[in-house]
Each structure stands twice: as structure tokens, then as C-alpha cells.
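Close look at the chain arrangement
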Amino acid sequence: MSLEQQQALDATYVMQTYKRKPVEFVRGEGMRLYDDAGTEYLDFLSGIGVVSVGHANPRVTAAIQQQAAKLLQVSNYFSIEGRGELAEKLSGLLNAGENPGTEPWRVFFTNSGTESIEGAIKLAHKYGIRHLEGASTIITAHRSFHGRTLAALAATGQPSKQELFKPLPSGFVHVDINDIHALKTMLNQGFGGKAVCAVLLECVQGEGGVYPCTEEYLRAVRQLTEEHNALLIFDEVQTGFYRTGAYPFAFQQYGVVPDVVTLAKGLGGGVPIGALAAHGIAAEVLEPGDHGSTFGGGPLVVAAANATLDELVAMDAGKHVAEVGAYLRERLESLEQVTEVRGRGLMLGAELRDPIAEAVVEAGLEAGLVLNNIGHHILRFLPPLVCT
Ligand code: PLP
């Protein structure tokens, strides 16, 4: 079927929630994508930060093929081959960094980033009921992005995405990142008997325009949340799995350990899997019957995620991302149009002098580059981590 025929079907039968680009990719290999006419592209988006180990990665492909031929779904009523190993690997990665942790993390597997956030919100509310006399307010950041389901959207600090979908769940308040006084003020408020049970932040805001928190700020946030017995939740859906540099997670680049982490994107090498991970008292909160998922952590995605994590370790992803990310940053900074480069590792945003970001993305596509813009002034780079 031609691209034009495909577009016609899409226009009639698919909800028009995206302004799609006029390209149909049918094949990929490493950092390269190929469209239906065989034209080659360099992919600087990786399915929005998902395909970290590259398209058609042989290890991930083999794992999916073998598992697909064996067993696809049994439900969470049963043990699932490879899932304990995957959770143990995740716990190991979450305990990596300069000051490695020793206590195990516990994982709940989801199907997407927004579901990981929903799970974290439920965990935080129950924690508030159990340990903080019913505290249920969650502080998140202006310009943050946590997903499109209702509670995740309420957590998201972007009113323009919320307006048409009210009423949204209540209990979320927003502060500017890197302003510790604003956070302190919020933490001290009672919110009519529903004080703060958790602070939810992205270490580097992604969809909001690639805005990193400072180390000083996150350290102070950790200290304040401890003083208030509030949970600190880091949304690592986009920043996780070596995206931001030498260590598996952004919080490890900052040297600040949260209580709860939400994950997705880079975990499965391209298949839909996410996770919610907690340690310490937060790991004890969710009990049988509290939360569930038909598909979450099923055999196929578990096999893919095990292979993806093995591949990231085998390719020494941390070292590679630190090197290649520094090079990409340096080259972007040298461009006349670029006034600032923000972000870490291979999650970079280039601020442009003129409002030409969309035009650059369009011109890039014609020249064989898959780029992404946020608004008129920001180009965002999320290439597969295998890029050289
Ligand atoms: N959290 C962050 C930080 C994200 O970047 C995203 C998606 O871009 C989400 C949550 C939502 O993830 P998903 O689109 O998989 O539901």
C-alpha cells in the first residue's frame, strides 16, 4: 500500500490526535530508519527516547522471537519466567552510582510511563493515609510532563494540556524547579488537612523543553522531603536507562536517591513496558489487591526488557553516552543559530535564536534526519544510545 493510501485510511479511521509527518518508516537498523520507498534516515528521536539499543537490535529481536514462539500471556496470577531476574537487574541498576545502595528495590511492572505515574500516585496516597494522617497533596513542577491519563495529566504542570479535560483529580500543586523557597513554602502548607505526601519531579524536564534541575536544588529537595516525611518520587520515564550519561538513572548523576522511581521508554528496547520501583518504607505500601494490570510484566515484554538491559550493560552504555553526548553538545553549541544547549548525556535541547524549529525539523526530514522540536525555538535530541 502506498504512503498516500495509508494516509487516506489514517485520516478516515484513526483519531486525529497527532499531526503526522508525511513519512512511513518500515524498517530500522541501529540508528538508521528506512521508509517505504527505501530512503535512509538518521534517527535522532528513537521513538521518543525508547529504542535506546537501536532498531532491530539482534539480542532484543532474538529474545522477542524466542518468547513469542513459547508463551505470550498468562496474567499476573502466576509466576512469569524471567520476571524475578528482570526486577533484580532493575534493583541492581537503581542501586548503582557513586554511592551504591544495598537495600533491594521492589518493582511493579506497567505498560507505559503514564501508568507508572498513576501507580506512584496511588502509592503516595496510601503512604499518606498510613504514615501521614491522610496527607494527600502531591507537589510537582510547572512545565513538567507526567503523561496523559487523568491523574498523570493533573500532575503535569502544563495548563494548556489540561484545559479541555476538566474535571481532573484534585490534590496537585505546582512549583518552579530550582526555587527551593517555593518548595519549602508549599511543604509547610496544610492544604485543609491534606498536607503534602509526596514531591514528584523530573531531574531533567523532557517534554517541557529539556530543563534540568540543578544539583543543589535536588539535594535540598531530598533534605526537605525527609524533614517532612514526604516521599520523593523521580519520574525517570524519559531520563532512565543511561539516557542522561554515565549512570543508569539521572538521579545517580545528581547523587540524590529518591524513595520511588517511575520508568518506561528505554526499558524494553521498543516494546511497551514500564515500571514503578520503590525501596525502604515506600516498597511496603502496596499490598495484594491494591493495584494490578492485565498485561503488565507479561512474558513477551519481560523477555525484551531482560535482553535490553543485558545489551545496555554489554555495550557499556554509560561510558558511550557520556562520550557521544559531550560530542553532540559541543557540535550543537558551535552552530550559529544555537543560543543555548541544555540537558545531559543524549537528552539535549538546543535553543534556537529564531522561531524556526519546525522548519528545521521539516528540512531535516527531507535531508534524511529524524529530528524533533518543542515549540518554535527548541530542537530536542533523543537519539538511540548506540549512535556514534
Ligand atoms: N513521564 C515523562 C517524564 C515522560 O516524558 C512521558 C512521556 O513522554 C511520560 C511520563 C508518559 O509516558 P507514556 O507516553 O509512555 O505514557
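Just above, that's the structure.
Quick look at the structure, then. Since this is a predicted model, take the numbers as computed values, not measurements.

Summing up its helical and strand segments, the chain has 13 helices and 17 strands in all. A compact globule built from 388 residues would reach a C-alpha radius of gyration of about 21 Å, and the chain, at 21 Å, matches this within 12%. Expressed along its principal axes, the backbone C-alpha trace of the chain runs to roughly 60 × 55 × 45 Å. The 388 residues of the chain split such that 52% are buried. Restricting to contacts in the chain with at least 6 residues of sequence separation, those with at least 24 account for 67%. Taken as a whole, the chain presents about 18100 Å² of accessible surface, with 54% of it coming from carbon and sulfur.

Before going further, it helps to spend a moment on unusual backbone geometry. Here the amide bond leading from Lys 166 into Pro 167 is cis, since omega sits at 5 degrees, within 30 degrees of zero. Mapping Pro 167 onto the fold places it in the loop between helix H7 (159-162) and strand S6 (172-175). Unlike most non-glycine residues, Glu 133 shows phi in positive territory, near 50 degrees. Relative to the helices and strands, Glu 133 is located in the loop between helix H5 (113-131) and strand S5 (137-141). The exposure class assigned to Glu 133 is exposed, which follows from its relative accessible area of 79%.

Residues of strand S17 (residues 378-381) alternate between two faces, with Ile 378 and Arg 380 on one and Leu 379 and Phe 381 on the opposite face, all of them buried. In this structure, strand S14 (residues 347-352) lies alongside S17, joined through four bridges in antiparallel fashion. Residue pairing for S17: Ala 350 is matched across the bridge by Leu 379. Pairing of strand S16 (residues 372-374) with S17, which is carried by three bridges, proceeds in the antiparallel orientation. Looking at the pairing, Asn 372 lines up with Arg 380 of S17.

Below, the discussion takes up the nonpolar core. By size, the foremost hydrophobic cluster in this structure holds 79 residues, and its most contacted members are Ile 139, Leu 183, Leu 201, Tyr 217, Leu 218 and Phe 381. Counting residues per element, this core draws most heavily on helix H11 (residues 299-314), at seven residues. The contact partners of Leu 218, leaving out residues within four places of it in the chain, are Leu 201, Cys 203, Cys 213, Phe 234, Tyr 254 and Val 256. Within the second largest apolar cluster, 27 residues are counted, among which are Tyr 127, Ala 152, Phe 172 and Ala 198.

Thresholds, definitions, all that
- Residues numbered from 1 in each chain as written.
- Predicted model: local features only at pLDDT ≥ 70, side-chain atom pairs only at ≥ 80, totals over all residues.
- Heavy atoms only, no water.
- Helix = DSSP H or I, 4+ residues; strand = E, 2+ residues; numbered from the N terminus.
- Rg over C-alpha atoms; globule rule 2.2 N^0.38 Å.
- Buried < 20%, exposed > 50% of the residue type's maximum accessible area, 1.4 Å probe, protein only.
- Contact = heavy atoms within 4.5 Å.
- Areas by Shrake-Rupley, 256 points an atom, 1.4 Å probe, with all protein chains shown as cover.
- Pairing = 2+ DSSP bridges.
- Core = buried A, V, L, I, M, F, W, Y, C linked by side-chain atoms within 4.5 Å.

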